[in-house]
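Letter by letter, the chains look like this.
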Amino acid sequence: MSQPPVSTFTDALDGLGVGWRNTTTADFPAALADAIEAPAVGTALPFEGVSLDGADVTVPPTPAELREATTGVTPVFGGIAQYGSVVVESRPEGDELVALYPERHVAVLRESDLVGGVDDAIEDRRARIAAGRDSAVLATGVSATADMGATVEGVHGPREVHVIVLRDR
């Protein structure tokens with residue numbers, strides 16, 4: 001599996017109307033500050049040299065804080081360059097809820113986790129499933145009611161998405 005150019009991914013994000021910023025771990029705090037709208041909640045970022053410490057982000061949120069949050073910040077564990085999709089894993093930290101409940105999702109992605117297409121993503125998922133990480137959502141752009149049909153009531157996903165790509169990870 002070869003690494004696709006990040007420009008393929010960011011071009012796809014542009015086509016979806018998804019904001020993005022390509023940054024380094026050193027510049028991550030500024031990129032995050034620009035991407036969030038308070039009140040913000042998040043889950044711990046498991047990427048070396050990057051955290052939500054010192055940011056205006058509540059980690060972990062209570063159910064009430066999650067309900068009131070405008071922005072949810074989570075790590076994502078893959079990106080599909082061809083489609084601009086991100087992989088939100090279900091972790092005990094609550095990534096799925098924090099990614100899908102607030103109006104705005106800020107996804108933090110390591111550039112090294114980008115793959116070219118769906119076949120590459122499925123191959124990557126196989127290895128993660130074998131390691132016990134067996135639940136994930138592939139999210140492409142903002143949520144639309146059409147995603148889930150007429151049965152949707154209440155929460156159905158973010159209205160805005162912003163991806164921060166860590167180019168040195």
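Structure shown above.
Residues numbered from 1 in each chain as written. Predicted model: local features only at pLDDT ≥ 70, side-chain atom pairs only at ≥ 80, totals over all residues. Heavy atoms only, no water.

A. Geometry of the overall build of the chain. From N to C terminus, the chain includes 5 helices and 9 strands. Starting at the N terminus and walking to the C terminus, you meet the elements of the chain as α-β-α-β-α-β-β-β-α-β-β-α-β-β. The C-alpha radius of gyration computed for the chain amounts to 15 Å, which stays within 12% of the reference 15 Å derived for 169 residues, consistent with globular compactness. A buried classification covers 44% of the 169 residues belonging to the chain. Taking the contacts inside the chain whose residues are at least 6 apart along the sequence as the reference set, 75% of them involve residues at least 24 apart. Taken as a whole, the chain presents about 8400 Å² of accessible surface, with 50% of it coming from carbon and sulfur. Charged side chains of the chain number 12 positive and 26 negative; the gap between the two group centres comes to 3 Å. (Helix = DSSP H or I, 4+ residues; strand = E, 2+ residues; numbered from the N terminus. Rg over C-alpha atoms; globule rule 2.2 N^0.38 Å. Buried < 20%, exposed > 50% of the residue type's maximum accessible area, 1.4 Å probe, protein only. Contact = heavy atoms within 4.5 Å. Areas by Shrake-Rupley, 256 points an atom, 1.4 Å probe, with all protein chains shown as cover. Lys, Arg positive; Asp, Glu negative; His and termini not counted. Charge placed at Lys NZ, Arg CZ, Asp CG, Glu CD.)

B. Seen up close, the side chain of Thr-43. Checked against the element boundaries, Thr-43 lands in the loop between strand E2 (40-42) and helix H3 (63-68). Those residues in contact with Thr-43 that sit more than four places away from it in its chain are Leu-52, Val-59, Val-73, Thr-74, Pro-75, Arg-91, Glu-93, Gly-94, Asp-95 and Val-98.

C. Focus on the pattern of salt bridges. If you walk through the whole model with that rule in mind, you get 11 salt bridges. For Glu-103, the salt bridge identified is with Arg-159, shortest N-O distance 3.0 Å. Here Glu-103, found in the loop between helix H4 (95-100) and strand E6 (104-110), pairs with Arg-159, found in the loop between strand E8 (136-140) and strand E9 (160-166); they are 56 residues apart in sequence, far enough to count as distant. Here Arg-159 falls in the exposed class, since its relative accessible area comes to 54%. One continuous salt-bridge network, built from bridges that share partners, spans Glu-89, Asp-124, Arg-125, Arg-128 and Arg-133. (Salt bridge = Lys/Arg side-chain N within 4 Å of Asp/Glu carboxyl O.)

D. Layout of a nonpolar patch on the surface. Taken together, the side chains of Tyr-83, Val-118 and Ile-122 present a nonpolar region at the surface, about 250 Å² in accessible area. Structurally, Ile-122 is set in helix H5 (residues 118-130). Take Ile-122: its relative accessible area is 42%, and that puts it in the partly exposed class. (Patch = residues over 30% accessible without salt bridge, like charges linked within 9 Å, V, L, I, M, F, W, Y side chains within 5 Å.)

E. Quick peek at the pairing of E9. Summarising burial for E9: 6 of the 7 residues are buried, a large majority. Two strands pair when backbone bridges link them, and E6 and E9 are joined in this way by 7 bridges, in the parallel orientation. In the sheet register, Arg-104 faces E9, and the bridge partner there is Glu-160. (Pairing = 2+ DSSP bridges.)

F. Looking closely at the nonpolar core. Phe-28, Leu-32 and Val-73 are the most contacted members of the largest nonpolar core, which has 17 residues in total. Mapped onto this core, the elements with two or more residues apiece are helix H2 (28-35), E6 and E9. For this core, the element with the highest residue contribution is H2, accounting for 4 residues. Setting aside anything within four residues of it in sequence, one finds Val-73 in contact with Leu-32, Ile-36, Val-41, Gly-42, Thr-43, Leu-52, Val-57, Val-98, Val-106 and Val-108. Grouped together as the second largest cluster of nonpolar side chains are 15 residues, Phe-9, Val-18, Ala-107 and Val-161 included. (Core = buried A, V, L, I, M, F, W, Y, C linked by side-chain atoms within 4.5 Å.)

G. Region of the structure containing empty space enclosed by the protein. According to the stated counting rule, one finds 1 cavity of 30 Å³ or more in the structure shown. Reported here for the largest cavity is a volume of approximately 40 Å³. Ranked by the residues each element gives to the lining of the largest cavity, the list is headed by H5, at 3 residues. Here the lining of the largest cavity is built from residues that sort into 4 nonpolar, 2 polar and 3 charged. (1 Å grid on protein atoms, 1.4 Å probe; cavity = no way out; pocket = protein on both sides within 12 Å on 5 of 7 lines; lining within 4 Å. Points joined across faces, edges and corners; volume = space filled by probe spheres on them. Nonpolar A, V, L, I, M, F, W, Y, C, P; charged D, E, K, R; others polar.)

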